[in-house]
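Observations on the three-dimensional arrangement
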2 protein chains.
Amino acid sequence: MKPTSKIIPLKNTEITGGFWADKQKLNREVTIHSVYDRFAETGRFEAFKVNWKEGEPNKPHIFWDSDVAKWLESAAYIIAKTPDPELEKIIDETVDLIDKNRWDDGYFNICYTLFEPEDRFTARYNHELYCAGHLMEAAVAYYYATGKDKFLKIMCDYADMIEKAFVTEKWAEFDSPGHEEIELALVKLYRATGENRYLELSKYFVDVRGSEEDSYTQAHKPVREQDEAVGHSVRAVYLYSGMADLAAEYGDESLFNAADTLFDSMAKKKMYITGGLGQTCVGEAFLGDYDLPETSSYCETCADIGYILFAQRMSAIKPDRKYDDAAELALYNGFLCGLSLDGKGFFYDNSIEVDLIGINNPHDNRHRPFYPITQRLEVFSCSCCPPNVTRLIANIGEFACTENDGTLWLHHFMGGEFKGEGKAIRVETLYPENGKMKITCSGNFTLALRLPSWCRSYTLSGGKNATLKEDGFIYVDVTDGEVIEYTLDMPVRFIQANPKVRQCCGRVAVQRGPVVYCAEGVDNPLPLKGLYVDPKNGATLVEAPEYGISTIELDGYIRPESDELYYDYDESFTEQKIKLIPYYAYANRGESDMLVWLTKK
Amino acid sequence: MKPTSKIIPLKNTEITGGFWADKQKLNREVTIHSVYDRFAETGRFEAFKVNWKEGEPNKPHIFWDSDVAKWLESAAYIIAKTPDPELEKIIDETVDLIDKNRWDDGYFNICYTLFEPEDRFTARYNHELYCAGHLMEAAVAYYYATGKDKFLKIMCDYADMIEKAFVTEKWAEFDSPGHEEIELALVKLYRATGENRYLELSKYFVDVRGSEEDSYTQAHKPVREQDEAVGHSVRAVYLYSGMADLAAEYGDESLFNAADTLFDSMAKKKMYITGGLGQTCVGEAFLGDYDLPETSSYCETCADIGYILFAQRMSAIKPDRKYDDAAELALYNGFLCGLSLDGKGFFYDNSIEVDLIGINNPHDNRHRPFYPITQRLEVFSCSCCPPNVTRLIANIGEFACTENDGTLWLHHFMGGEFKGEGKAIRVETLYPENGKMKITCSGNFTLALRLPSWCRSYTLSGGKNATLKEDGFIYVDVTDGEVIEYTLDMPVRFIQANPKVRQCCGRVAVQRGPVVYCAEGVDNPLPLKGLYVDPKNGATLVEAPEYGISTIELDGYIRPESDELYYDYDESFTEQKIKLIPYYAYANRGESDMLVWLTKK
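Residues numbered from 1 in each chain as written. Chains lettered and ligands numbered in written order. Predicted model: local features only at pLDDT ≥ 70, side-chain atom pairs only at ≥ 80, totals over all residues.

Once that is clear, we can look at the overall build of chain A. Tallying secondary structure elements over chain A gives 14 helices and 23 strands in all. Relative to the globule expectation of 25 Å for 601 residues, the C-alpha radius of gyration of chain A, 24 Å, shows essentially globular dimensions. Dimensions of chain A, computed from C-alpha atoms along their principal axes, come out at roughly 75 × 65 × 45 Å. Counting only residues that meet the buried cut, chain A has 59% of its 601 residues in that class. Residue pairs in contact within chain A that sit at least 24 positions apart in sequence constitute 68% of those at least 6 positions apart. (Helix = DSSP H or I, 4+ residues; strand = E, 2+ residues; numbered from the N terminus. Rg over C-alpha atoms; globule rule 2.2 N^0.38 Å. Buried ≥ 20, exposed ≤ 12 C-beta atoms within 10 Å, placed from the backbone. Contact = placed C-beta atoms within 7 Å.)

Dropping the structure here:
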């Protein structure tokens with residue numbers, strides 16, 4: 001099996017306008033600095049001096065290497081497009097500290113070095129390889145951004161040391177890590193260096209799974225036998241992304257098929273309509289098929305990021321809109337919800353519903369204040385999500401296109417320039433505010449345009465031999481200089497869930513393009529479940545620059561008030577305008593109820 | 001304020017046929033013995049020897065005195081109607097043990113005597129007065145049943161001792177008990193003995209409340225200032241029953257008004273449609289107004305019993321169908337659900353919904369196996385409910401009628417004979433299977449027939465000057481020997497909840513007369529929330545002798561199957577018969593999903 005296409009990397013992309021240009025500007029001007037400040041305040045950068053002593057504040061935590069690593073990777077992506085000496089200085093200084101404080105054998109880990117130097121690679125659940133993987137991703141990103149290879153070499157040494165510990169000398173006391181990440185990182189290291197042993201090491205970590213009887217960390221079965229997404233949701237999607245990378249590199253069809261089955265397990269049976277993954281906060285984990293409770297919904301921002309990474313890899317290997325459609329849902333909803341409109345606040349979990357009374361029911365609030373949070377925070381004790389958000393936004397251009405010799409696929413719609421080999425496109429669009437795209441082509445090639453499964457009608461002008469194929473892409477032959485106009489109809493749509501999803505029976509969600517909408521208590525009478533929607537009434541768009549996209553007004557209903565608690569059913573309804581905002585924009589105006597699945601009249 | 005009427009006591013009632021005669025037969029022949037056996041097996045009767053020693057099995061628990069006390073009270077009610085030397089022997093032997101093991105000062109408590117003799121009346125939360133109250137109720141019941149006064153005198157001694165500890169000598173280290181019960185028990189002791197000091201002591205315990213800042217035990221405010229049912233639901237309704245008793249005895253209008261406000265707080269804002277009270281298992285407690293979650297619903301059987309006791313007292317003082325309607329809902333639903341059809345199994349909490357998948361969600365199952373239980377058990381570690389069920393059923397005749405000089409009120413419809421002073425009625429009815437009642441009158445008096453608020457039409461023949469008053473009773477003058485035929489129309493009704501109850505938006509419940517119906521997984525396709533009901537389609541009754549009442553079949557709908565997880569809303573429905581059984585009869589055919597609030601099409 002040969003991969004059909006490969007990703008057009010960040011260096012050959014430029015986001016030039018529209019929705020994601022705005023997000024990148026905010027990311028570059030606000031978010032990256034705010035995350036840095038919070039991390040610096042909490043001692044996360046200082047921790048790289050590896051000299052913390054008992055009694056001092058800010059005791060390092062086992063996740064901290066990875067928190068900073070993702071920040072470094074984000075900064076590298078930003079530098080790659082917009083040189084920034086200040087960011088570069090922070091990276092260089094941190095790399096110097098890593099160099100200074102790493103072991104002679106190449107190992108680097110703040111907590112193990114400080115607290116348990118004798119116990120390296122003995123505790124499967126302690127995130128050493130997870131931290132290592134994120135540092136490797138950062139090193140690769142920085143190398144690509146600047147050409148400087150100090151960080152990359154440091155991480156190669158570390159990877160070599162890991163190979164010894166796990167494969168050659170086999171003194172590590174577990175086989176696969178308890179939190180996946182190193183697998184995809186090693187593939188990046190291989191691609192940056194051409195050193196095959198890093199690819200082999202990644203393959204080792206993936207293939208060795210199945211010995212642990214631990215479904216929580218996806219080690220309960222050999223990966224090729226895993227057919228249901230289970231356990232910790234973030235770990236799962238990181239593993240699956242690594243599986244996809246290896247399937248591409250080795251042309252491993254059995255691995256691709258396993259990854260495809262796991263993708264469907266999520267996209268067809270376990271995904272919230274927002275693209276959110278992880279149906280329970282207990283263990284940040286998946287539940288069973290079609291079980292999508294609102295009260296326990298987890299949907300960690302990092303899970304959506306991993307899901308987008310996984311879909312990107314799968315749709316490069318075998319372009320199929322099913323991957324991109326799911327990734328797009330996650331991107332514009334579950335992921336984007338993780339960041340406040342001011343660019344400073346983050347959700348760790350992204351609740352599918354905020355029911356303030358319910359949250360304060362002593363039955364449901366046993367996980368508070370950690371879960372569910374109703375307002376974004378600027379930093380968390382486990383602050384994996386904030387730098388993960390910045391790195392995805394900074395690197396968003398890499399998610400737009402893949403290519404092969406004759407074809408360029410446009411997977412995700414964003415304003416920018418994307419240069420393949422001997423071919424390129426410039427996309428001008430305000431998507432997802434509307435579905436209009438003007439695509440200027442350079443070179444003679446076949447342009448493959450995703451037709452999202454939510455789209456019922458579209459227009460396409462320019463090019464020749466336009467053909468919609470089973471993979472959900474419209475293949476059109478274009479010539480150098482040609483301008484393609486591709487317009488997706490984007491009416492407001494009322495969505496039902498599969499009838500097996502018992503939580504959604506009798507309810508509808510509202511979506512326009514990939515954007516899911518919600519009702520917020522600040523705009524609507526309570527209880528929000530008492531707002532009745534009739535899909536026949538249609539919807540009105542209302543311009544809302546503050547959200548980057550229009551809001552929606554529905555001609556809905558509420559039930560008349562009553563003094564009785566229970567009484568004979570009647571059909572009386574009172575008209576009530578229902579205001580909906582993008583799901584990603586909720587919780588930007590104070591604590592409020594929020595509802596995605598509205599009651600169907 | 002003088003009470004309008006007084007209860008016609010058990011001794012002047014006889015349940016002769018129909019629904020409650022069947023329940024009493026089962027209670028007499030099966031339940032009382034089964035509860036005895038389980039209590040004997042678990043050492044609860046043996047514990048009255050007060051000689052348990054460390055290392056032996058069945059260590060006595062602070063509730064056990066009350067568990068057995070309620071069994072004794074139940075047995076006394078049964079003996080009062082159906083002499084049973086075996087039951088009488090058990091009672092006598094237990095009374096002998098109490099006599100033998102009580103303290104010289106009259107005190108009796110198994111655990112305190114065994115484990116903490118120095119600490120009597122120091123711990124407000126330790127149920128001493130709760131146990132004492134139940135023993136007093138048992139003693140009064142046994143005295144009425146047999147005329148034997150040994151038990152009664154023992155409990156008078158105990159009450160005298162309590163008076164010293166709390167009022168005269170004031171050495172008790174708290175003022176009001178943490179679990180109410182003694183209040184209403186002392187009123188019973190007063191009524192049985194004529195000793196005013198017991199009434200005064202009850203008044204003390206009620207009036208002293210307000211000093212504890214503890215809303216959980218209703219001690220946060222003076223009772224006359226309490227206007228919302230809060231805290232532990234069983235404790236609350238026991239207190240409120242005592243308040244009603246005192247309001248009647250003292251003609252205390254302020255106390256009656258406070259009790260009435262608290263009644264409305266429950267009946268109009270906090271009661272499940274089943275009459276269940278207590279919206280959260282955490283603390284077995286009330287939540288806020290209109291907050292009636294299904295996932296945390298508590299609805300302890302004992303709370304419904306206390307609610308029925310409270311309503312009985314209120315509707316004697318000031319007959320009003322609002323009390324009886326609520327009590328009737330509790331009686332035929334929340335209470336009766338507490339007992340299995342075979343008479344042996346009990347629910348402690350009565351869930352408003354059984355969602356087996358949800359119950360197994362690690363987010364929701366943190367209280368398992370104690371909560372929610374999906375199948376009835378024969379005994380619990382805290383086994384207050386089983387003997388409470390037997391005592392209410394054995395004493396059910398006392399809930400039918402109240403009277404004053406000229407009027408006899410029929411509050412609850414059951415086949416039997418009810419003898420007031422100079423007036424009596426014999427009721428023949430199969431209620432609640434249908435609404436037909438034949439009432440043969442003895443004496444010339446005014447008969448007041450409750451017209452339930454759920455009843456939209458009725459027929460009444462016989463008597464003169466029939467007048468429906470604002471209290472919801474039809475007052476009709478009857479003469480000696482006259483036969484009144486009173487028939488309530490009992491169509492199947494579709495019920496909506498107040499729109500403030502967000503959990504019920506877009507949903508309907510099905511009720512016939514006072515009986516609420518439910519869908520059970522064993523009869524219907526899953527998920528049960530995927531059953532769509534259209535009230536316009538009506539309903540069909542299906543005879544079901546096994547349940548003591550007809551079942552219901554609806555012409556409902558399900559949504560067509562789909563391979564997709566989310567898709568455009570359409571109006572496609574497939575016809576589906578929906579089988580409903582009485583809520584009280586669920587969980588008699590194995591573990592199964594159960595739903596009361598069905599999705600409205």
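There is more to say, and it comes next.
Residue and element names in this part refer to chain A. The strand order across the open sheet formed by six strands is β1-β4-β5-β9-β12-β11, and the pairing between neighbours is mixed. What marks the edges here is a single partner per strand, and that holds for β1 (6-7) and β11 (464-468). Here two bridges tie β1 to strand β4 (residues 401-403), and the two strands are oriented antiparallel to one another. Bridge pairing links K6 to E403 in β4. (Pairing = 2+ DSSP bridges.)

The side chains of a regular strand alternate, residue by residue, between the two faces of the sheet. Residue and element names in this part refer to chain B. With six of six residues buried, strand β15 (residues 507-512) lies mostly within the body of the structure. Here β15 shows two buried faces, one formed by R507, A509 and Q511 and the other by V508, V510 and R512. As defined by bridge partners, β15 adjoins strand β23 (residues 598-600) across two bridges and the pair is classed as antiparallel. From the neighbouring strand, R507 faces β23, where its bridge partner is T599. With two bridges joining them, β15 and strand β16 (residues 515-520) adopt antiparallel strand pairing. Its bridge partner lying in β16, R512 is registered against V515. Linkage of β15 to β16, two consecutive antiparallel strands, is achieved through a turn of two residues, within which G513 is found at a positive phi near 55°.

Contacts between the two partners involve 49 residues from chain B and, on the opposite side, 49 residues from chain A. Every element with two or more residues in the side of chain B that touches chain A is listed here: α10 (253-269), α13 (356-359), β14 (492-497), β20 (566-568) and β23 of chain B. With five residues, β14 of chain B is the largest single contributor of residues to the side of chain B that touches chain A. Relative to β14 of chain B, strand β20 (residues 566-568) of chain A runs antiparallel, the two being bridged by three bridges. Counterpart to Y566 of chain A in the pairing with β14 of chain B is A497 of chain B.

As a further point, take the confidence of the model for chain A. With 99% of its residues at a pLDDT of 70 or more, chain A has an overall mean of 97. Confidence metrics for the complex model read pTM 0.96 and ipTM 0.97. (pLDDT = per-residue confidence, 0-100.)

Our next topic: the domain arrangement of chain A. For chain A, the assigned domains are domain 1 (42-208), domain 2 (402-488) and domain 3 (493-600). Measuring from the centre of the C-alpha atoms in domain 1 of chain A to the corresponding centre in domain 2 of chain A gives 38 Å. (Domains from an automatic or database assignment.)

All names here are of chain B. In contact at an axis separation of 10 Å, helix α3 (residues 85-101) and helix α6 (residues 150-168) are set at 30° when each is read in the N-to-C sense. When you trace α3 past α6, the crossing you get is left-handed. Contacts from V95, I98 and D99 of α3 reach α6 at K150, F151 and I154. Tallied by class, the residues present in the contact of α3 with α6 amount to four nonpolar, no polar and two charged. (Axes fitted to C-alpha atoms, helices over the stretch in contact; angles between N-to-C directions. Left-handed = near helix turned anticlockwise from the far one by under 90°. Nonpolar A, V, L, I, M, F, W, Y, C, P; charged D, E, K, R; others polar.)

Here we come to the relation of the copies chain B and chain A. Rotating chain B by 180° and moving it 0.0 Å along the rotation axis overlays it on chain A with an RMSD of 0.0 Å. The relationship between the two copies is best expressed as a two-fold rotation axis. Within chain B, G506 of chain B has its C-alpha nearest the rotation axis, a separation of 3.5 Å. (Least-squares fit on C-alpha atoms with pLDDT ≥ 70 in both.)

With that out of the way, let us pick up the pairing of strand β21 (residues 574-582) of chain B. Residue and element names in this part refer to chain B. Looking at chain direction, β16 and β21 are connected through three bridges and run antiparallel. Residue pairing in the sheet places A519 in a bridge with L580 of β21. Where strand β19 (residues 551-558) lies against β21, seven bridges are found, and the strand directions are antiparallel. Bridged to I558 within β21 is T574.

Let's shift gears to the environment of M155 of chain B. Residues and elements named next belong to chain B. Among the structural elements, M155 can be located in helix α6. The class for M155 is buried, based on 33 C-beta atoms found within 10 Å. Not counting chain neighbours up to four residues away, the residues in contact with M155 comprise L135, M136, A139 and L189.

Residues and elements named next belong to chain B. The residue S297 is located in the loop between α10 and α11 (301-317) in this model. Using a count of 25 C-beta atoms within 10 Å as the deciding quantity, one classes S297 as buried. The spacing of S297 and T13 is 284 residues in sequence and 35 Å in space, taken between C-alpha atoms. Excluding its chain neighbours within four sequence positions, the residues that come into contact with S297 are Y272, G276, Q279, S351 and I352.

What follows concerns helix α8 (residues 196-207) of chain A. All names here are of chain A. For α8, spanning twelve residues, the distance from its first C-alpha to its last is 16 Å, which sits close to the expected 16 Å at 1.5 Å a residue. Looking only at α8, the buried set comprises Y198, L201, S202, K203, F205 and V206. Residues of α8 that are buried sit in contact with α6 (150-168), α7 (182-193) and α9 (233-250). (Expected span 1.5 Å × (residues − 1).)

Turning our eyes to something else, we now look at the sheet that holds strand β2 (residues 13-17) of chain B. Paired through their backbone hydrogen bonds, the strands of a sheet run either parallel or antiparallel. Residues and elements named next belong to chain B. Taking strand neighbours across the sheet as the criterion, the six strands line up as β2-β6-β7-β8-β13-β10 in an open arrangement whose pairing is antiparallel. Each edge of the sheet is formed by a strand with only one pairing partner; in this case those strands are β2 and β10 (458-461). Each neighbouring strand pair of the sheet contributes to a mean axis angle of 15°, computed without reference to strand direction. Pairing geometry for strand β8 (residues 436-442) and strand β13 (residues 483-488), over five bridges, is antiparallel.

Residues other than glycine predominantly adopt negative phi, and peptide bonds predominantly adopt the trans conformation. Cis geometry marks the peptide bond from L526 of chain A to P527 of chain A, where omega comes out at -5°. Here the residue pair Y431 of chain B and P432 of chain B is connected by a cis peptide bond, since its omega of 10° sits within 30 degrees of zero. By secondary structure assignment, the location of P432 of chain B is in the loop between β7 (424-429) and β8. In this structure, E213 of chain B is a non-glycine residue whose phi angle is positive, near 50°. With respect to the helices and strands, the residue E213 of chain B is situated in the loop between α8 (196-207) and α9 (233-250). Look at Q218 of chain B: it is not a glycine, yet its phi comes out positive at around 60°. Within the secondary structure, Q218 of chain B sits in the loop between α8 and α9.

Next up on the list: the nonpolar core. Ranked by size, the top nonpolar core spans 208 residues in total, and within it A76, A139, M155, M243, A259, I308 and L447 of chain B carry the most contacts. Sorting elements by how many residues they give to this core places helix α5 (residues 128-146) of chain B first, with 13 residues. The residues that make up this core include at least three from each of domain 1 (402-488) and domain 2 (493-600) of chain B. Leaving out residues up to four positions away in the same chain, A139 of chain B has contacts with F151, L152, I154 and M155 of chain B. With 203 residues, the next largest nonpolar core counts A229, L329, V478 and V501 of chain A among its residues. (Core = buried A, V, L, I, M, F, W, Y, C linked by C-beta atoms within 7 Å.)

This part is about the environment of D477 of chain A. Residue and element names in this part refer to chain A. Along the chain, the position of D477 falls in strand β12 (residues 473-478). The class of D477 is partly exposed, set by 16 C-beta atoms lying within 10 Å. Considering only alpha carbons, one finds D477 and A259, 218 residues apart in sequence, at a separation of 31 Å. Those residues in contact with D477 that sit more than four places away from it in its chain are T446, G463, K464 and N465.

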